[in-house]
Amino acid sequence: MPETDLELLIAAAQAAGEIATQYDGKSAKTWHKPNDAGPVTEADLAVNDMLEDRLRKARPEYGWLSEESLDEGDRVHAEKVFIIDPIDGTRSFTEGSDTWAHALAIAERGVVTAAVIYLPRRNKLYSAAQGAGAKLNGVPVGTAARTDMAGAKVLVARPVMDPALWKAQPPAFERGYRPSLAYRTALVAQGRFDAMVTLRPTWEWDVAAGDLILREAGAATLDRNGAPLRFNNADPRLSGMIAANPALAAQITEALAPHPPHHAAR
């Protein structure tokens, strides 16, 4: 079943790309969400409407969690649930950049079993089905093997390197950054970066697809306390995310201070 679900997600992601690329991000109608929750554009909403219609018709028994849909909460009772970010990296989209992605996942009893991250402007489609490995445009990918934190290439926002968030000094990472959290997870799964770290409360739709793609690529995916990630929670926010090969992920988790300040950013 994960393989059939993956076929469904791939086709839906490609259809999402066809819709989103019809818009010029710089001129698309844009609104700002309440509580400084970031922008949303007419492209986000158009993609979301298509995905909700298409995917829910295909799997009416699955629950639905999307950044751009009202969360009515009944999804927590569903055995399987779609977890969707119609456009991850909306700010990048509105700037006319190409580092935004469609992130689509299906979780079963808290564990992601099928996932796609698609960057239509870059012609990159990352995918995974449970037990079948991770792929980029159909070619298998795997995580990097580096186990030394010093010099590791890590996707991390600058505020995460605040010394207050670490037991000792922040590690001497070679820091990189991408505006889309989904793309960050994919780049680690691909082995282009050694790890990614985000410490602030993280919406499930930002990382659900990346969670499976990473694990199928050989990575460990943990929250900031070192616990495995679980999805379809009543409050769809996770306690951050650390992703790397298992040895490096364990080292990063161990190096973090136990109770980070709430200002930690992604």
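Residues numbered from 1 in each chain as written. Predicted model: local features only at pLDDT ≥ 70, side-chain atom pairs only at ≥ 80, totals over all residues. Heavy atoms only, no water.

1. Details of the overall build of the chain
Then step 1. For the chain, the helix and strand inventory stands at 6 helices and 16 strands.
Then step 2. Expected size for 266 residues packed as a compact globule is a radius of gyration near 18 Å; at 17 Å, the chain falls within 12% of this value.
Then step 3. Judged by the C-alpha coordinates and their principal axes, the chain covers about 50 × 40 × 35 Å.
Then step 4. For the chain, buried positions account for 55% of its 266 residues.
Then step 5. Once local pairs closer than 6 in sequence are excluded, the contacts in the chain between residues at least 24 apart make up 62%.
Then step 6. Measuring between centres, the 29 positive side-chain charges of the chain sit 5 Å from its 34 negative side-chain charges. (Helix = DSSP H or I, 4+ residues; strand = E, 2+ residues; numbered from the N terminus. Rg over C-alpha atoms; globule rule 2.2 N^0.38 Å. Buried < 20%, exposed > 50% of the residue type's maximum accessible area, 1.4 Å probe, protein only. Contact = heavy atoms within 4.5 Å. Lys, Arg positive; Asp, Glu negative; His and termini not counted. Charge placed at Lys NZ, Arg CZ, Asp CG, Glu CD.)

2. Quick notes on the packing of helix H1 (residues 2-20) against helix H2 (residues 42-58)
Packed helices, taken two at a time, are described by the angle their axes make and the gap between the axes.
Then step 1. Direction vectors running N to C along H1 and H2 enclose 155°, while the axes themselves pass 9 Å from each other. Accordingly, the angle class assigned to the pair H1 and H2 is roughly antiparallel. Crossing angle aside, the handedness with which H1 passes H2 is right-handed. For the pair H1 and H2, contact is made by Leu8, Leu9, Ala11, Ala12, Ala15, Ala16, Ile19 and Ala20 and by Ala46, Val47, Met50, Leu51, Arg54, Leu55 and Ala58, respectively. (Axes fitted to C-alpha atoms, helices over the stretch in contact; angles between N-to-C directions. Parallel < 35°, antiparallel > 145°, perpendicular 65-115°, else oblique. Left-handed = near helix turned anticlockwise from the far one by under 90°.)

3. Section: helix H6 (residues 246-255)
Helical geometry note: an α-helix holds 3.6 residues per turn, so side chains three or four residues apart project in the same direction.
Then step 1. Here H6 has its buried residues at Leu248, Ala249, Ile252, Thr253 and Ala255. Around the axis of H6, the buried residues are gathered within 165° of arc, so they sit on the same side.
Then step 2. Where H6 is buried, its residues contact strand E12 (195-198), strand E14 (220-222) and strand E16 (241-244). (Arc of directions from axis to C-beta.)

Keep in mind these values describe shape, not function.
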